[in-house]
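Each chain is listed here by its residues.
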Amino acid sequence: MSDAVSEAAAQAAGDVWVAVSRLVRRLRELDTAGDLSPGQVSVVVRLFKHGPASASELAAAERVRPQSMAAIVQALERAGLVERHRDPEDGRRQLVTLTESGRERRLDDRRAREAWLARALQAHCTEAELRTIIEAMALLDAVAQS
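Values in this document were obtained by computation on a predicted structure and should not be read as measured data.

Before going further, it helps to examine the packing of helix H2 (residues 38–50) against helix H4 (residues 66–78). For the pair H2 and H4, interaxial distance at closest approach is 10 Å and the crossing angle is 75°. Compared by their axis directions, H2 and H4 come out roughly perpendicular. The segment H2 lies against H4, with Gly39, Gln40, Val43 and Val44 engaging Met69, Ile72, Ala75 and Leu76. A breakdown of the residues in the contact of H2 with H4 according to their chemical character gives six nonpolar, two polar and no charged.

Right under this line is the structure:
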């Protein structure tokens, strides 16, 4: 099997990279997080996706110092978005978990971003183009999972 990449594959890769990068930047520009810092948003998203974690696990995953993570967790705790509980497997450790308010905030943020994207797609695309995007996303998802 050859490692050579066709011109079409190379162009598709570049086009996907540019479009996805622009889309991610645009979605991040939407101020749905309000008063949360990017680091705080990232921790809320991580806890939503992966469940409870210790502050040291969060620090390692987010690639920040433990002291920085402690400040992030404290701020999220004051905002009522996370809480700490003893780890049932190791009573010396505390796990950070999202509160119901934290889960709702994450879901609201996601819904707002998806609604913006749906409106933008509808404004810029025909029905046929939307079907093409749906098909292309299925292909990209298959590539991402390979």
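Still more to cover.
Although it is not a glycine, arginine 63 adopts a positive phi angle of roughly 60°. With respect to the secondary-structure elements, arginine 63 resides in the loop between helix H3 (55–62) and H4. In this structure arginine 63 comes out as exposed when scored by relative accessible area, which is 78%.

Moving on to the packing of H2 against H3. Contact geometry for H2 and H3: axes closest at 11 Å, N-to-C directions at 110°. The angle between H2 and H3 places the two elements in the roughly perpendicular class. In terms of crossing hand, the pair formed by H2 and H3 is right-handed. Judged by residue contacts, Ser42, Val43, Arg46 and Leu47 of H2 engage Leu58, Ala61 and Glu62 from H3. Looking at the contact of H2 with H3 residue by residue, the class counts come to four nonpolar, one polar and two charged.

Here strand E1 (residues 82–87) pairs with strand E2 (residues 90–98) via six bridges, running antiparallel. Bridged to histidine 85 within E2 is leucine 95. A loop of two residues connects E1 with E2, the two strands running antiparallel in sequence.

A separate point is H4. Taking 1.5 Å as the rise per residue, H4 with 13 residues should run 18 Å; its terminal C-alpha atoms sit 18 Å apart, in good agreement. Along H4, the residues classified as buried are Met69, Ile72, Val73, Ala75 and Leu76. Buried residues of H4 fall within an arc of 160° about the axis and therefore sit on the same side. Along H4, exposed side chains directed more than 90 degrees from the buried face belong to Gln67 and Arg78. Here the buried face of H4 lies against H2, H3, E1 and E2.

Here we take up the pattern of salt bridges. All told, the structure shown has 13 salt bridges when counted by the stated rule. In this structure, glutamate 62 and arginine 46 form a salt bridge, with 2.7 Å as the shortest nitrogen-oxygen distance. Of this pair, glutamate 62 sits in helix H3 while arginine 46 sits in helix H2, placing them 16 residues apart in sequence. Among the ionic pairs, arginine 93 bridges to glutamate 57, the shortest N-O distance being 3.1 Å. A residue pair is termed long-range when its members are at least 10 positions apart, and arginine 93 in strand E2 and glutamate 57 in helix H3 qualify at 36 residues.

Procedures and definitions
Residues numbered from 1 in each chain as written. Predicted model: local features only at pLDDT ≥ 70, side-chain atom pairs only at ≥ 80, totals over all residues. Heavy atoms only, no water. Axes fitted to C-alpha atoms, helices over the stretch in contact; angles between N-to-C directions. Helix = DSSP H or I, 4+ residues; strand = E, 2+ residues; numbered from the N terminus. Parallel < 35°, antiparallel > 145°, perpendicular 65-115°, else oblique. Contact = heavy atoms within 4.5 Å. Nonpolar A, V, L, I, M, F, W, Y, C, P; charged D, E, K, R; others polar. Buried < 20%, exposed > 50% of the residue type's maximum accessible area, 1.4 Å probe, protein only. Left-handed = near helix turned anticlockwise from the far one by under 90°. Pairing = 2+ DSSP bridges. Expected span 1.5 Å × (residues − 1). Arc of directions from axis to C-beta. Salt bridge = Lys/Arg side-chain N within 4 Å of Asp/Glu carboxyl O.

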